[in-house]
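# Close look at the chain arrangement
Chain by chain, the residues run as shown.
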2 protein chains.
Amino acid sequence: MSGQRSIIEAEKLVEAKLGGVPIHHERMAVVANIYRAATAVRQHLENAVLRGGGLTWTGFVVLWVMWIWGESESRHVAEEAGISKGTLTGVIRTLESRGLVKRTRHPADGRLLLLSLTGEGEQFMRQVFPDFNAEETFVTSRLDDDACRALAGGLRQVVLQVEEHGEARRLALLDGAGPVPRRSGRRRRPTGEAG
Amino acid sequence: MSGQRSIIEAEKLVEAKLGGVPIHHERMAVVANIYRAATAVRQHLENAVLRGGGLTWTGFVVLWVMWIWGESESRHVAEEAGISKGTLTGVIRTLESRGLVKRTRHPADGRLLLLSLTGEGEQFMRQVFPDFNAEETFVTSRLDDDACRALAGGLRQVVLQVEEHGEARRLALLDGAGPVPRRSGRRRRPTGEAG
DNA sequence: CAAAAATCGTTTGAACCCAAACTATACTTC
DNA sequence: GAAGTATAGTTTGGGTTCAAACGATTTTTG
């Protein structure tokens, strides 16, 4: 990736492209760099640590959540891992086939699904997490501890803003014009009524 | 997402899980928050701005790169957008079918593919980018301009570290033990030689 | 100038991704 | 307690994602 230089140049080009329209460049740079950093970090960790263990990033995150929180209801794992419940179904299927995860029915509420690590899953995390953290340390090694805390704090502000006010904002933006349906997604099963 | 609280609690639980093994918590928090913020920001922008235009995040980024840089060789667009060349092929197919992008053969080098926006694509970006930037401003609205610059700067350090030293690091980690093949991916076409 | 090496974009396969539709179970209300 | 409502996990469909394999083309080498 030549990538970084270009963000600064790009800002000038955007200015030229939009002339009068005022653009908030620092805000643009924050969002662009968040995404760039996320991609770079994920790719490094996948290739340096996870691939050897036959895991993807998402698989590892889900495993990590279960490792830290112990046996949990499926919906909490999805929320904590930051993926949709539909995605979790597939990820759990994969992890289960690798023997790292157990699925149990909730004894009291038949709708709920309990997830937990197998012994193999526990052992895997005890082995892999220190390596994972070593690479987290590598990717942040240009920053000292204070800079890391400041960086994490700034990012936390972004997350909190979206979590606390994002939904209201989206509703306000779309206003009357109801939510645009997704282009993809399941189709309603055709009823018997023909035109 | 209840998400944020848990990161602090999680650190304590990790401590307990790993006992003696020293974990760098600030580094863990940085990586976790980068990814959380990237997911939150992407989701907000997709739902607030892009879905109305029938675009995904990646589609928008690719469009943005072509808008800013003008007609470009395919490989440069992929690099600049931060996606693999294989992914770009599919994204371009989608954008082309929406009439936003043109594909041209390079006149001198038959291997190269030139990409550029159509008039419709140009118009789309002029309309949508201000809305996009308004949401970038929304998600960062808890930070003042200086904090934004500091945040972008910190993230840039992470990206640079991975870009400049990541590959060497990965090679050093795997050392003699050659690269682990991916679980997925194309299979070698079977040759006629049978066992 | 033909064989070999390099480079580009495309195809492939497994996995991931979301949201809407759907099924199953639980709770509410009359 | 049957009908209606709510909630949880699964399926579906269009799409994205990567890396390796691959075909087409260009450059390099002998």
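Since the structure is predicted, the reported quantities are computational estimates derived from the model, not experimental observations. (Residues numbered from 1 in each chain as written. Chains lettered and ligands numbered in written order. Predicted model: local features only at pLDDT ≥ 70, side-chain atom pairs only at ≥ 80, totals over all residues. Heavy atoms only, no water.)

## Here's the deal with the interface of chain B and chain A
Across the contact, 89 residues belong to chain B and 89 residues belong to chain A. Summing the contributions of chain B and of chain A, the shared interface buries around 9,000 Å²; its carbon and sulfur component is 64%. Looking at the side of chain B facing chain A, the largest losses of area belong to Arg-27, Tyr-35 and Arg-142 of chain B, adding up to 9% of the total buried there. A salt bridge links Glu-135 of chain A to Arg-169 of chain B; the nearest nitrogen and oxygen atoms lie 2.7 Å apart. Our count for the contact surface shared by chain B and chain A stands at 22 residue pairs in polar contact (both at pLDDT 80 or more). Here the side of chain B that touches chain A is composed, by residue class, of 43 nonpolar, 21 polar and 25 charged. (Contact = heavy atoms within 4.5 Å. Buried area = accessible area lost by both parts, 1.4 Å probe. Salt bridge = Lys/Arg side-chain N within 4 Å of Asp/Glu carboxyl O. Polar contact = N/O pair within 3.5 Å; in protein donor to acceptor, adjacent residues only side chain to side chain. Nonpolar A, V, L, I, M, F, W, Y, C, P; charged D, E, K, R; others polar.)

## Points about the packing of aromatic side chains
A full pass over the atoms with the stated rule returns 10 aromatic pairs over all chains. With a centroid separation of 4.7 Å and an interplanar angle of 45°, the aromatic rings of Trp-57 of chain A and Tyr-35 of chain B are classed as tilted. Here Trp-57 of chain A is found in helix α3 (residues 57–69), whereas its partner Tyr-35 of chain B is found in helix α2 (residues 25–50) on a different chain. For the pair Phe-60 of chain B and Phe-132 of chain B, a centre-to-centre distance of 4.2 Å together with 25° between the ring planes defines the contact as stacked. Taken together, the residues Phe-60 of chain B in helix α3 (residues 57–69) and Phe-132 of chain B in helix α6 (residues 119–139) connect sequence positions 72 residues apart. Each member of the pair Phe-60 of chain B and Phe-132 of chain B is classed as buried. (Phe/Tyr/Trp six-rings, centres within 6.5 Å; stacked < 30°, edge-to-face > 60°. Helix = DSSP H or I, 4+ residues; strand = E, 2+ residues; numbered from the N terminus. Buried < 20%, exposed > 50% of the residue type's maximum accessible area, 1.4 Å probe, protein only.)

## Quick notes on the protein's contact with DNA strand D
Near DNA strand D lie 33 residues; those nearest to it are Arg-75 and Arg-186 of chain A together with Thr-58, Gly-110 and Arg-189 of chain B. Close to the protein, within 4 Å, the atoms of DNA strand D belong to sugar or phosphate groups at a rate of 74%. Arg-51 of chain A places a polar side-chain atom, nitrogen or oxygen, 3.0 Å from a phosphate oxygen of DNA strand D. Interatomic distance of 2.9 Å between a side-chain N/O atom of Thr-89 of chain A and a phosphate oxygen of DNA strand D. The residue makeup of the surface near DNA strand D, split by class, is 4 nonpolar, 13 polar and 16 charged. (Near = heavy atom within 4 Å.)

## Quick look at the confidence of the model for chain A
Per-residue confidence for chain A averages 86 on the pLDDT scale, and 88% of its residues sit at or above 70. Model confidence for chain A, summarised as mean pLDDT per element, is weakest for helix α1 (residues 4–18) of chain A at 67 and strongest for strand β3 (residues 113–117) of chain A at 95. (pLDDT = per-residue confidence, 0-100.)

## Quick look at the protein's contact with DNA strand C
Close contacts around DNA strand C come from 35 residues, with Thr-58, Gly-110 and Arg-189 of chain A together with Arg-75 and Arg-186 of chain B the closest. If you look at DNA strand C and keep only atoms within 4 Å of the protein, 75% of those are sugar or phosphate atoms. In this structure, a phosphate oxygen belonging to DNA strand C sits 3.2 Å away from a side-chain N or O atom of Arg-51 of chain B. In this structure, Leu-113 of chain B approaches DNA strand C through a main-chain N or O atom, which is 3.4 Å from a phosphate oxygen. Those elements that place two or more of their residues in the surface near DNA strand C are α5 (85–97) of chain A together with α4 (74–81) and α5 (85–97) of chain B. It is α5 of chain B that contributes the most residues to the surface near DNA strand C, 4 residues altogether. Its residues assigned to classes, the surface near DNA strand C shows 5 nonpolar, 13 polar and 17 charged.

## Side note on the side chain of Glu-73 of chain B
All names here are of chain B. Mapped onto the secondary structure, Glu-73 falls in strand β1 (residues 72–73). At 2.3 Å, the side chain of Glu-73 forms a polar contact with the side chain of Arg-75. Those residues in contact with Glu-73 that lie beyond four places of it in its chain are His-106, Leu-112, Leu-113 and Leu-114.

## Section: the relation of the copies chain B and chain A
With an RMSD of 0.1 Å, chain B superimposes on chain A once it is rotated by 180° and translated 0.0 Å along the axis. The relationship between the two copies is best expressed as a two-fold rotation axis. Looking at the interface residues of chain B, 99% of them are also at the interface in chain A, so both copies use one shared face. (Least-squares fit on C-alpha atoms with pLDDT ≥ 70 in both.)

## Describing the pattern of salt bridges
All names here are of chain B. According to the stated counting rule, one finds 21 salt bridges over all chains in the structure shown. With a shortest N-O distance of 3.2 Å, Arg-149 and Asp-146 are connected by a salt bridge. Taken together, the residues span about one helical turn, with Arg-149 and Asp-146 both in helix α7 (residues 145–174) at a distance of 3 residues. Judged by relative accessible area, which is 48%, Arg-149 ranks as partly exposed. Of the residues examined, Asp-146 reaches a relative accessible area of 55% and is grouped as exposed.

## Looking at the pairing of β3 of chain A
Residue and element names in this part refer to chain A. Most of β3 is tucked away, with 4 of its 5 residues classed as buried. As defined by bridge partners, strand β1 (residues 72–73) adjoins β3 across 2 bridges and the pair is classed as antiparallel. Counterpart to Ser-72 in the pairing with β3 is Leu-115. Two strands pair when backbone bridges link them, and strand β2 (residues 101–105) and β3 are joined in this way by 5 bridges, in the antiparallel orientation. Its bridge partner lying in β3, Arg-105 is registered against Leu-113. (Pairing = 2+ DSSP bridges.)

## What to know about the sheet that holds strand β3 (residues 113–117) of chain B
Residue and element names in this part refer to chain B. Read across the sheet, 3 strands follow the order β1-β3-β2 without closing on themselves; strand pairing throughout is antiparallel. Single-partner strands in this sheet number two, and they are β1 and β2 (101–105). Docked against the sheet, α3 engages β1, β2 and β3, running at close to 90° with respect to β3. Relative to the sheet, α5 contacts β2 and β3, its axis offset from that of β2 by approximately 120°. (Axes fitted to C-alpha atoms, helices over the stretch in contact; angles between N-to-C directions.)

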